[in-house]
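Coordinate inspection notes
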Amino acid sequence: MATFPLSLSANWLSALQTDDLTPTEREWLFEPRSLTAKLKSKATSFSVKVLSEQTFNLNHEQQQLLDCKTSSALNREVLLLCDNHPMVYAQSWLPNNQTHNSLHNMGERPLGDVIFQQPELVRQNIEIARFDNKHSIQNLVAQQNLPIQTLLGRRSVFSLSEYQFLVAEVFLPGAYLYL
């Protein structure tokens, strides 16, 4: 049984440290624009399933990544589904801040549909990680009745003006990245 928030602790690597990826993996992992839009372009139907949305304390690594003094953030965990098939597990850490509370009330709307409409959006470097068959994310994979396999994920920090938040995405078995 998966418990939230799912741990995405892993050996996160920069683009320069990932020379063993296929061209298709690189295309998906280093997509600079909206992953939501890219998924929508490949599917007949697209939907978001909210798994969890709760306030938690940021761990030390998350606080460092976000360069923030705030200790708590809204953690939002969703599945991105293409044609009713779970393709991506996405996790966002949105520090509590009065200015950007609209990001805290997304419901089943994809975060990517909102943030990539903002002209002031800046994405920092994308980092990549592998999640082996023993990683705790495999509990979610098993719950979705998907085959256990090594998974690829990415994360990056985004900024909207002075507001920074962390988004991580793990490509689930059957995702276009693996085809």
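What this report covers is the structure whose coordinates are included nearby. (Residues numbered from 1 in each chain as written. Predicted model: local features only at pLDDT ≥ 70, side-chain atom pairs only at ≥ 80, totals over all residues. Heavy atoms only, no water.)

1. Some words on the overall build of the protein chain
Helices and strands together make up the secondary structure of the protein chain, namely 5 helices and 7 strands. Order of helices (α) and strands (β) in the protein chain, N terminus to C terminus: α-α-β-α-β-β-α-β-β-α-β-β. Here the protein chain has a C-alpha radius of gyration of 15 Å; the compact-globule value for 179 residues is 16 Å, and the two agree. Along the first, second and third principal axes, the C-alpha atoms of the protein chain reach 40 × 35 × 35 Å. For the protein chain, the proportion of its 179 residues judged to be buried stands at 50%. For the protein chain, restricting intrachain contacts to residue pairs at least 6 apart in sequence, the fraction spanning at least 24 positions comes to 66%. Just so you have it, the protein chain exposes about 8900 Å², and 47% of that area is on carbon and sulfur atoms. Mean positive and mean negative side-chain charge positions of the protein chain (14 and 17 charges, respectively) differ by 3 Å. (Helix = DSSP H or I, 4+ residues; strand = E, 2+ residues; numbered from the N terminus. Rg over C-alpha atoms; globule rule 2.2 N^0.38 Å. Buried < 20%, exposed > 50% of the residue type's maximum accessible area, 1.4 Å probe, protein only. Contact = heavy atoms within 4.5 Å. Areas by Shrake-Rupley, 256 points an atom, 1.4 Å probe, with all protein chains shown as cover. Lys, Arg positive; Asp, Glu negative; His and termini not counted. Charge placed at Lys NZ, Arg CZ, Asp CG, Glu CD.)

2. Things to note about the pattern of salt bridges
Across all of its chains, the model carries 9 salt bridges by this definition. In this structure, glutamate 31 and arginine 33 form a salt bridge, with 3.6 Å as the shortest nitrogen-oxygen distance. A salt bridge links lysine 38 to glutamate 31; its shortest N-O distance comes to 3.6 Å. Of the residues examined, lysine 38 reaches a relative accessible area of 13% and is grouped as buried. (Salt bridge = Lys/Arg side-chain N within 4 Å of Asp/Glu carboxyl O.)

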